[in-house]
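Architecture and fold: a report
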Amino acid sequence: MAAKATMAEATCVLEKYFPPSFFDISIHLLVHLCDEALQCGPVRYRWMYPFERLMKTFKDYVKHARYVEGSIAEEYITEEASIYAKEYIPNPTNETRECFVDESEGFTDEEALGNGKLMTLTSVQYE
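Quick look at the structure, then.

Scoring rules and cut-offs
- Residues numbered from 1 in each chain as written.
- Predicted model: local features only at pLDDT ≥ 70, side-chain atom pairs only at ≥ 80, totals over all residues.
- Heavy atoms only, no water.
- Helix = DSSP H or I, 4+ residues; strand = E, 2+ residues; numbered from the N terminus.
- Buried < 20%, exposed > 50% of the residue type's maximum accessible area, 1.4 Å probe, protein only.
- Contact = heavy atoms within 4.5 Å.
- Areas by Shrake-Rupley, 256 points an atom, 1.4 Å probe, with all protein chains shown as cover.
- Expected span 1.5 Å × (residues − 1).
- Phe/Tyr/Trp six-rings, centres within 6.5 Å; stacked < 30°, edge-to-face > 60°.
- Polar contact = N/O pair within 3.5 Å; in protein donor to acceptor, adjacent residues only side chain to side chain.
- Patch = residues over 30% accessible without salt bridge, like charges linked within 9 Å, V, L, I, M, F, W, Y side chains within 5 Å.
- Salt bridge = Lys/Arg side-chain N within 4 Å of Asp/Glu carboxyl O.

**Details of the overall build of the protein**
Scanning the protein from terminus to terminus reveals 5 helices and 3 strands. Tracing the protein from N to C terminus, the helices and strands come up as α-α-α-α-β-β-β-α. Burial status across the protein gives 10% buried among its 127 residues. The long-range share in the protein, meaning contacts at least 24 apart out of those at least 6 apart in sequence, stands at 23%. Accessible surface, the protein: about 11000 Å² in total, of which carbon and sulfur atoms supply 60%.

Spelled out as structure tokens, the structure:
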């Protein structure tokens, strides 16, 4: 309760220096913020930001406006399957990897740059 009293005092002090138009609903909510912190505890247990980010990801999955839920479900399953395949299905050709050597004789996993040539590296060379 000391925090609420301190916040009310701070608001009174601000009233001396700022015009009444400064005090909208946001300033008033600061008084209630102290009550909420005391009742609910730390903000990390009720923060919605991670879920909002997840909803943005799901919103990007929509490819067909008429079948929103189906688009999200299909894209989510596809993404989960590809993650599973990358992490858990062994690579049958893990003893060699293809890479390109560019003009500066540096290895790259991307496409050839300029006059690059295709090489096949063994596991020892790749590491």
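**Overview of helix α2 (residues 25–40)**
Taking 1.5 Å per residue, 16 residues should reach 22 Å; α2 reaches 21 Å between its end C-alpha atoms and fits that length. Residues of α2 that are buried include every one of I27, V31, C34 and D35, and no others. The inward-facing, buried residues of α2 contact α1 (2–17).

**Considering the packing of aromatic side chains**
Summed over the entire model, instances satisfying the criterion amount to 5 aromatic pairs. On the numbers, 4.4 Å between centres and 20° between planes, the contact of F18 with F22 is stacked. Among the residues examined, F22 registers a relative accessible area of 33% and is labelled partly exposed. Seen in terms of ring centroids, F58 and Y76 are 6.0 Å apart; in terms of plane orientation they differ by 85°. Their pairing is edge-to-face. Of this pair, F58 sits in helix α3 (residues 49–61) while Y76 sits in helix α4 (residues 68–88), placing them 18 residues apart in sequence. You can call F58 buried: its relative accessible area is 18%. The rings of F18, F22 and F23 are connected pair by pair, giving a single aromatic cluster.

**Focus: the environment of C34**
Structurally, C34 is set in helix α2. Judged by relative accessible area, C34 falls into the buried class, the value being 13%. Between the C-alpha atoms of C34 and M1, which are 33 residues apart in sequence, the distance is 7.9 Å. Not counting the four nearest positions on each side in its chain, C34 is found in contact with A3, K4 and M7.

**Quick notes on the side chain of T11**
Of note, T11 is situated in helix α1. Accessibility expressed as a relative area gives 14% for T11, which makes it buried. At 2.8 Å, the side chain of T11 and the backbone oxygen of M7 are in polar contact. Contacts of T11, omitting those with residues within four sequence positions, involve F23 and I27.

**Examining the side chain of S71**
For S71, the location among the structural elements is in helix α4. Relative accessible area serves as the criterion here: at 10%, S71 is assigned to the buried category.

**Concerning a nonpolar patch on the surface**
On the surface, a cluster of nonpolar side chains totalling about 470 Å² of accessible area is made up of V13, L14, Y17, F18 and F22. Within the secondary structure, L14 sits in helix α1. Accessibility expressed as a relative area gives 31% for L14, which makes it partly exposed.

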